[in-house]
Amino acid sequence: EAQVTQNPRYLITVTGKKLTVTCSQNMNHEYMSWYRQDPGLGLRQIYYSMNVEVTDKGDVPEGYKVSRKEKRNFPLILESPSPNQTSLYFCASKTTGGDFQETQYFGPGTRLLVL
Amino acid sequence: SQQGEEDPQALSIQEGENATMNCSYKTSINNLQWYRQNSGRGLVHLILIRSNEREKHSGRLRVTLDTSKKSSSLLITASRAADTASYFCATAAFSGNTPLVFGKGTRLSVIA
């Protein structure tokens, strides 16, 4: 089944404790992206990657890191989480060719609480 | 930022009625997409309309695009309780490898 998976789905942590949220897709998509969703603010892009070893900042990259060492994986790293990073996080991917090159496929979300 | 703005923020209708949501954006686009999100879940792509198209249909969905007004509308006909969700428009400045910019969404409630 074609899908984007994220782990963990729920996470409670404390300020300053490094964490990684994993994202994996099995559709051989070149493009991957991370968003955060907050009430009243909609979805805001954190980072995106157009291909392996190519990453770019989105609208709200501060406090986050990403890496793209393999095509299928795009982990989101919070080196020193703070309470304002409490949010619902989504990973997404899309292909860059064919009729569906514009459609993004979303993971189920990771709900993060930073105390 | 060319973030889209949906209108209204929230909409409540009776089952069987039509629901119309609007989206406005600020800069030129290649395409505009509508996504649906059930509470707390990932977004699901509904329909895409390109800048050279004016109207598109998919099942009970009808999307229009007016590039001169930089606006789009999503019409859901004969709504069902299962249509209850948040709906987001997203714009892409160019085709292919470009970020999508999402609006803040319209929360639709369909009452049985």
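These lines cover the structure that appears in this document, whether it is placed above or below. (Residues numbered from 1 in each chain as written. Chains lettered and ligands numbered in written order. Predicted model: local features only at pLDDT ≥ 70, side-chain atom pairs only at ≥ 80, totals over all residues. Heavy atoms only, no water.)

Let's talk about the sheet that holds strand E3 (residues 19-24) of chain B
All names here are of chain B. In spatial order, the strands read E1-E3-E8-E7-E6; together these five strands make up an open sheet with antiparallel pairing. Two strands in the sheet have a free side with no partner beyond their single neighbour: strand E1 (5-7) and strand E6 (55-58). Between one strand axis and the next, the sheet turns by 20° as a mean value, whatever way the strands run. Where E1 and E3 come together, three bridges link them in antiparallel fashion. Bridge pairing in E3 places Glu6 opposite Cys23. (Pairing = 2+ DSSP bridges. Helix = DSSP H or I, 4+ residues; strand = E, 2+ residues; numbered from the N terminus. Axes fitted to C-alpha atoms, helices over the stretch in contact; angles between N-to-C directions.)

Examining the interface of chain B and chain A
In this assembly, 24 residues from chain B lie in contact with 23 residues from chain A. Buried area between chain B and chain A, both sides added, is near 1800 Å², and the carbon and sulfur share of it is 51%. Applying the counting criterion to the chain B and chain A interface returns zero salt bridges. Between chain B and chain A we count two residue pairs in polar contact (both at pLDDT 80 or more) in total. Sorting the residues of the side of chain B that touches chain A by element identifies strand E4 (31-37), strand E5 (43-50) and strand E10 (100-102) of chain B as the ones contributing at least two each. Residues that form the side of chain B that touches chain A fall into these classes: eight nonpolar, 13 polar and three charged. (Contact = heavy atoms within 4.5 Å. Buried area = accessible area lost by both parts, 1.4 Å probe. Salt bridge = Lys/Arg side-chain N within 4 Å of Asp/Glu carboxyl O. Polar contact = N/O pair within 3.5 Å; in protein donor to acceptor, adjacent residues only side chain to side chain. Nonpolar A, V, L, I, M, F, W, Y, C, P; charged D, E, K, R; others polar.)

By themselves these figures say nothing about function.
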